[in-house]
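Each chain is listed here by its residues.
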Amino acid sequence: MTTCLVGNYILLLWVTIMFIIFNFYVSLTFLFEKGRITSDVILLNLAQLALFYRLHIQIYAILGPANYSYASLPRWYDWAELIIIHALRAVDLLDMIEAYGIRLQNVRNQSVVSGLALFSMHMMVDIFILGAIFNAVSRRSRESVTIMQFMEEMENTLMSPKSFLFLGLMVMLYLIGYTAEHLFKFNDYPIYSLRSDTSCPNIRILNNFYLWPLDNILRTLDFGDAFQIFGWRLHTVERTMNSATLAVCFRFMVATYTIGVVNHLYLRLLGGQGKTVEDLTAICISSKYSQGERLIALEALKKFGAYADSVAPHLIESLAYVEKQYNSTVILLKIAAPAIPHLVKALADSNPVIRDAVIEILEETDSEWPRSEEASGAIPHLVKQLANVEADVRCAALNVLEKIDTLWFQRKETRRKIPYFIKLLAHRNASIRIGSAYALIFVGPAAKKAIFRLVKMLADSNMFARGAAAAALENIDPQWQQSEFAHNAIPYLVKMLGDDEANVRDAATEVLEKIDLSWPGTKGAHSAVPYLVKVLADTENEGVRNSVRKALHKIDPF
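Since the model is a prediction, treat every value here as computed from it, not as a measurement. (Residues numbered from 1 in each chain as written. Predicted model: local features only at pLDDT ≥ 70, side-chain atom pairs only at ≥ 80, totals over all residues. Heavy atoms only, no water.)

What to know about the overall build of the chain
Basically, it comes down to this: Under the scheme used here, helices are H or I runs from DSSP no shorter than 4 residues and strands are E runs no shorter than 2 residues, and both carry numbers assigned from the N terminus. Buried means the residue's accessible area, taken with a 1.4 Å probe over protein chains only, is under 20% of the maximum for its type, while exposed means over 50%, and partly exposed covers the values in between. Values of accessible area rely on a 1.4 Å probe in the Shrake-Rupley scheme; residue burial ignores everything except the protein chains shown.
The helix and strand tally for the chain stands at 30 helices and two strands. Residues classed as buried in the chain amount to 43% of the 558 residues present. Here the chain displays about 29500 Å² of accessible surface, and carbon together with sulfur accounts for 61% of that area.

As structure tokens, then:
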């Protein structure tokens, strides 16, 4: 009967272990498939801790109390405390709790079986924690895309993250050497006075000098905290506040390098599996990864379909930096046709370095690129750039449009942008108004609806805006003065005769005379009289008052 009960209890123990393994498998699958920590993964890990809580109680009850040591007979909360504290120790990747010798729980493992149970729990918790760390690192990489220029400036100096890590390691080694005599001191023998006698304490001192760093490196790499759980120790250095602090600092340096190496190995071994589009894009444009790793990320991106839309713009942006041009060019050539629309758009980039690099890539990718469908698809973007505030960008966009189609201004894509340009003619920024007027110069007769706004712009306070508007009107319709659009602008121009700026008043007078020498007799002029009367009553500017009086006298001499 007793044997039967024991057998049943052992079976229950194995059932718990199988549940733990199954739960771990599901949790790991969710983590790798989604590539991030989700609520599902968190709930599964909480369930895992509950299963381990049950497992330790079963080991104690079924396999015997000898598997644990305790100051007082353990109760249910002692087992909960054991799980929580060891979960905390697992999160403590630098093993600071162990380094400072902090004792937090009543129950401690005292056998291989209980130790293996804790080791398994530490492994599973650490996988969860490292997943969160890699997710945070990936998120930081994605954010770094938006501050690429700043990072490049940092890398051009000795202040890059790698330089800081190297410097930190050098400082750490110096501290170890400087404090070695104090940390590893044995009686009154100096560390540098090694005797041939094997009984000499200096041999143990020298061994500690090598074993202490090795012990801390292994503890950092000890994924499941086996050293901590089973009480392994390679050296005999006395645990003090100074030695513990130095150990934690040293482990931090080792961990920093290790995470970087693991992240690279993870990419190479799994071929980008488990990483999101954003993660892989960040790898493609990052100078921290080798050319081979960037190509692995690119191959993984292809599985997501429209991968070129996510990575190509950032690769093109990186062409502005000489040290990145080669890597970015190689990947853009690998993408080939899907990247052509982005490359064509970049031909109108404000940076001439990018424009020069892109034209070379396009010629190498496909010498017939101007006649490709991908190039035609970039026409709306290029037409929009005709209104850019920078003259170089406008000229570059026009040159690309001419290459793609000499009759680009007759295309539907161009006509659809006309309302956009007309709207910008009233923008607060004078440079944008000027750019929009230049865009309409290129569009030509198809932009007749813009005549009304352009006529109003002839009385703009900016002389360059007035010049651009005049050029656009001549190109759209040389007889614009006779158009209905021009006559509809008369009320606005009459109001401008009361403007505070003399050049605006003079320009408005000139335009009115061009449109109709008898403008004072038009309905538009009469509709503006109330406005002029109000200006005359409100202003104290004598120049404005004289201009308004003359206008009112012309409109109504009596």
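A word on the packing of helix α2 (residues 39-63) against helix α3 (residues 76-91)
Quick reminder of the rule: Convention adopted: a line fitted to C-alpha atoms gives each axis, helices being fitted over their contacting stretch, and angles between N-to-C directions are expressed from 0 to 180 degrees. When describing relative orientation, an angle under 35 degrees is termed roughly parallel and one over 145 degrees roughly antiparallel, while 65 to 115 degrees is termed roughly perpendicular and anything else oblique. Should the near helix be turned anticlockwise from the far one by less than a right angle, the crossing is termed left-handed; should it be turned clockwise, right-handed. In this description, contact between two residues means that some pair of their heavy atoms is separated by no more than 4.5 Å.
Between α2 and α3, the least distance of the axes is 10 Å, while the angle of their chain directions is 125°. Taken together, the axis directions place α2 and α3 in an arrangement best described as oblique. Where α2 crosses over α3, the handedness of that crossing is right-handed. Contacts from Leu-49, Phe-52, Tyr-53, His-56, Ile-57 and Tyr-60 in α2 reach Trp-76, Trp-79, Ala-80, Leu-82, Ile-83 and Ala-87 in α3.

Thoughts on helix α22 (residues 430-443)
The criterion, for reference: An expected span of 1.5 Å times one less than the residue number is assigned to each helix. Polar contacts here mean pairs of N or O atoms no more than 3.5 Å apart (in protein, one a potential hydrogen donor and the other a potential acceptor; neighbouring residues in sequence count only if both atoms are side-chain atoms).
Counted at 1.5 Å a residue, the expected span for α22 with its 14 residues is 20 Å, and the 20 Å between its end C-alpha atoms agrees. Within the span of α22, buried status applies to Arg-433, Ile-434, Gly-435, Ser-436, Ala-437, Ala-439, Leu-440, Ile-441 and Val-443. In this structure, the buried side of α22 is in contact with α19 (391-404), α20 (412-416), α21 (418-424), α23 (451-457) and α24 (463-476). At the N-terminal end of α22, a side-chain oxygen is found 2.8 Å from the backbone nitrogen of Ser-431, two or three residues along, and the residue is Asn-429. Looking one or two residues beyond α22, the residue adopting positive phi is Gly-444, at roughly 80°.

Considerations on a nonpolar patch on the surface
To keep it simple, the criterion reads: Only residues whose relative accessible area exceeds 30% and that form no salt bridge enter a patch; like-charged residues are grouped when within 9 Å of one another, and nonpolar side chains (Val, Leu, Ile, Met, Phe, Trp, Tyr) when within 5 Å. Here, a salt bridge means any side-chain nitrogen of Lys or Arg that lies within 4 Å of a carboxyl oxygen of Asp or Glu.
Taken together, the side chains of Leu-88, Met-96, Tyr-100, Ile-102, Leu-104 and Met-241 define a hydrophobic patch exposed on the protein surface, amounting to about 530 Å² of accessible area. In this fold, Met-241 is placed in helix α10 (residues 241-270). Since its relative accessible area comes to 58%, Met-241 is described here as exposed.

Concerning the environment of Thr-414
Considering the arrangement of structural elements, one finds Thr-414 in helix α20. With sequence-adjacent residues up to four places away left out, Thr-414 is seen in contact with Val-383, Trp-408, Phe-409 and Val-443. At a separation of 2.6 Å, a polar atom in the side chain of Thr-414 contacts the main-chain carbonyl oxygen of Trp-408.

A closer look at the packing of helix α29 (residues 529-538) against helix α30 (residues 542-555)
Remark: α29 packs on α30, axes separated minimally by 10 Å, with the N-to-C direction vectors making an angle of 150°. Note on packing geometry: the crossing formed by α29 with α30 is left-handed. For the pair formed by α29 and α30, the contact residues are Val-529, Leu-532, Val-533, Val-535 and Leu-536 on the first element and Val-544, Arg-545, Val-548, Arg-549, Ala-551, Leu-552 and Ile-555 on the second.

A closer look at unusual backbone geometry
The residue Asp-225 is not glycine, and still its phi comes out positive at about 60°. Within the secondary structure layout, Asp-225 lies in the loop between α8 (201-221) and α9 (226-230).

Section: empty space enclosed by the protein
This is how the line gets drawn: Both cavities and pockets are sets of points on a 1 Å grid over the protein atoms alone; in a cavity a 1.4 Å probe fits but cannot get out, in a pocket the set is open with protein on both sides within 12 Å along at least five of seven lines, and lining residues sit with an atom within 4 Å of a point. Grid points are joined across faces, edges and corners, and a volume is the space filled by probe spheres set on the points. Under the convention adopted here, Pro, Cys and the residues Ala, Val, Leu, Ile, Met, Phe, Trp and Tyr are nonpolar, Asp, Glu, Lys and Arg are charged, and Gly plus all remaining residues are polar.
Applying the stated criterion across every chain yields a total of two cavities of 30 Å³ or more. Taken as a whole, the largest cavity encloses approximately 130 Å³ of empty space. Looking at the lining of the largest cavity, the elements with two or more residues in it are α4 (96-99), α8 and α10. In the lining of the largest cavity, the residues fall into five nonpolar, three polar and seven charged. When its volume is computed, the second largest cavity comes out at roughly 80 Å³. If you go around the second largest cavity, you meet 12 residues; those closest to its centre are Phe-24, Ser-27, Asn-45, Met-124 and Phe-128. Those elements giving two or more residues to the lining of the second largest cavity turn out to be α1 (2-34), α2 and α5 (112-146).

Points about the nonpolar core
We apply this condition: Working definition of a nonpolar core: buried Ala, Val, Leu, Ile, Met, Phe, Trp, Tyr and Cys residues. They are joined through side-chain atoms within 4.5 Å.
By size, the foremost hydrophobic cluster in this structure holds 77 residues, and its most contacted members are Val-344, Val-358, Leu-440, Leu-454, Val-455, Trp-480 and Val-494. Residues Tyr-60, Ala-90, Val-107 and Val-125 belong to the second largest nonpolar core, which totals 20 residues.

Some thoughts on the confidence of the model for the chain
Definition in use: Per-residue confidence from the predictor is reported as pLDDT, a score between 0 and 100.
Overall, the predicted model of the chain reaches an average pLDDT of 76, with 72% of residues at or above 70. Ignoring residues within four places in sequence, the model shows residues 141-160, a span with pLDDT below 50, making 25 contacts including any to other chains.

Considering the pattern of salt bridges
Across all of its chains, the model carries 10 salt bridges by this definition. One salt bridge connects Asp-405 with Arg-411, and the closest N-O pair in it is separated by 3.0 Å. On the basis of relative accessibility, which here comes to 22%, the residue Arg-411 falls in the partly exposed class. Asp-460 is paired through a salt bridge with Arg-433; the nearest N and O atoms lie 2.9 Å apart. Remark: Arg-433 occurs in helix α22 and Asp-460 occurs in the loop between α23 and α24; sequence separation between them is 27 residues. By the burial criterion, Asp-460 is buried, and Arg-433 matches it.

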